[in-house]
Amino acid sequence: TGPLPLLIMHDGQNLFDPALAYGGVTWGVAETAARMIAAGQVPPFMVAGVWNSPERWADYAPAAMLNRLPPGVQADAARQMGAPRQTLYTNALADRLVPALRAAGAAPGKVAMMGSSMGGLVSLASLAQRPDVFGAAACLSTHWPLIAPDPVAADAVQAAIAAFIRQDLGRPRGRRLWLDHGDQGLDRHYAPFQSVADAALASAGWRGQHLVSRAFPGTGHNEASWAARLALTFTFL
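Residues numbered from 1 in each chain as written. Predicted model: local features only at pLDDT ≥ 70, side-chain atom pairs only at ≥ 80, totals over all residues. Heavy atoms only, no water.

Looking at the overall build of the chain
- Looking only at helices and strands, the chain features 10 helices and six strands.
- Computed over its C-alpha atoms, the radius of gyration of the chain comes to 17 Å, within 12% of the 18 Å expected for a compact globule of 237 residues.
- Projected onto its principal axes, the C-alpha coordinates of the chain cover approximately 50 × 35 × 35 Å.
- Counting across all 237 residues of the chain, residues that qualify as buried make up 51%.
- If you take every contact in the chain between residues at least 6 apart in sequence, the share linking residues at least 24 apart comes to 78%. (Helix = DSSP H or I, 4+ residues; strand = E, 2+ residues; numbered from the N terminus. Rg over C-alpha atoms; globule rule 2.2 N^0.38 Å. Buried < 20%, exposed > 50% of the residue type's maximum accessible area, 1.4 Å probe, protein only. Contact = heavy atoms within 4.5 Å.)

Following this line, the structure appears as structure tokens:
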């Protein structure tokens with residue numbers, strides 16, 4: 001089939017093999033992709049699942065958002081979660097993993113990225129940080145609260161989200177973005193943050209074919225919920 005479009009997904013141990021996945025439930029990535037490719041709904045494509053490290057929060061938390069929080073909040077987060085290194089993680093994917101995958105059959109051109117929860121945040125951060133490599137992102141159950149659903153810090157986090165979108169992400173410039181959330185479990189905290197993000201994205205020109213922002217009532221913060229809308233995100237990407 002020739003070189004294949006490339007999709008990088010975070011939390012790779014949860015994507016394919018129930019023996020490795022959190023709670024024994026995967027996203028069903030291989031099954032959904034194979035079914036859609038066979039039906040002609042999407043072209044053949046390559047998925048690279050990058051496992052998370054034990055310092056997942058430090059790897060995934062967007063530095064450009066954290067840097068806009070009050071110093072005391074940043075310090076508390078670092079004490080609890082570790083020193084952030086998202087920019088290093090994104091650059092490692094862009095400068096080391098992507099070239100290796102292209103050598104193994106991935107197509108040249110822009111790469112798509114997908115993740116859930118903190119993986120959604122790092123997908124968004126990577127789209128902003130390395131637009132030379134990443135051209136689309138799907139962010140499922142995006143963990144907008146960043147430092148946990150703490151009402152004391154909520155206003156500061158929302159302000160950081162809006163500033164990040166306006167100043168770091170900027171206008172679409174050909175990029176595409178999928179955002180979603182449910183309303184059960186941890187996802188029940190996300191709607192107010194998503195509204196802030198949606199408003200900032202609109203002001204930056206994200207609309208139409210560039211942006212999808214959806215709510216999925218009755219769904220929660222788990223692999224089964226994300227697997228159920230995987231076909232939608234594959235179609236969008």
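Concerning the layout of surface pockets
- One number sums up the size of the largest pocket: a volume of about 330 Å³.
- Along the walls of the largest pocket sit 17 residues, with Pro5, Leu6, Phe45, Ala112 and Leu237 positioned nearest its centre.
- Residue assignment for the lining of the largest pocket shows that the elements contributing at least two residues are strand E1 (6–10), strand E3 (111–116), strand E4 (134–140) and helix H10 (230–236).
- Residue composition of the lining of the largest pocket, grouped by class: 13 nonpolar, three polar and one charged.
- If you add up the space inside the second largest pocket, you get close to 210 Å³.
- What lines the second largest pocket is simply Asp11, Asn14, Tyr22, Asn52, Arg56, Ser116, Ser117, His221, Asn222, Glu223 and Trp226.
- Of the residues belonging to the lining of the second largest pocket, the class tally is two nonpolar, six polar and three charged. (1 Å grid on protein atoms, 1.4 Å probe; cavity = no way out; pocket = protein on both sides within 12 Å on 5 of 7 lines; lining within 4 Å. Points joined across faces, edges and corners; volume = space filled by probe spheres on them. Nonpolar A, V, L, I, M, F, W, Y, C, P; charged D, E, K, R; others polar.)

Quick word on the pairing of strand E5 (residues 176–181)
- Most of E5 is tucked away, with five of its six residues classed as buried.
- Relative to E5, E4 is paired through four bridges, and the arrangement is parallel. Paired with Ala136 across the two strands is Arg176, which belongs to E5.
- By the bridge criterion, five bridges tie E5 to strand E6 (residues 211–215) in an arrangement that is parallel. Paired with Trp178 across the strands is Val212, a residue of E6.
- Running through helix H8 (residues 191–203), the crossover from E5 to the neighbouring parallel element E6 is right-handed. (Pairing = 2+ DSSP bridges. Right-handed = clockwise from strand over helix to strand, strands pointing away.)

Description of the sheet that holds E5
- On the basis of which strands lie adjacent, the open sheet formed by six strands has the order E2-E1-E3-E4-E5-E6 and parallel pairing. Edge positions in the sheet fall to strand E2 (46–50) and E6, since each has one partner strand and no second. Strand-to-strand, the axes of this sheet are offset by a mean angle of 15°, without reference to chain direction. (Axes fitted to C-alpha atoms, helices over the stretch in contact; angles between N-to-C directions.)

Regarding helix H5 (residues 86–103)
- Taking 1.5 Å of rise per residue, 18 residues should cover 26 Å, and H5 covers 25 Å from first to last C-alpha, within 8% of that figure.
- Its axis deflected by about 35° at Leu97, H5 carries its strongest bend there, up to four residues before the proline Pro99.
- Gln86, Tyr89, Thr90, Leu93, Ala94, Val98 and Leu101 are the residues of H5 that are buried.
- Following H5 by one or two positions, Gly105 has its phi on the positive side, about 125°. (Expected span 1.5 Å × (residues − 1). Bend = angle between axes of the 7 residues up to and from the residue.)

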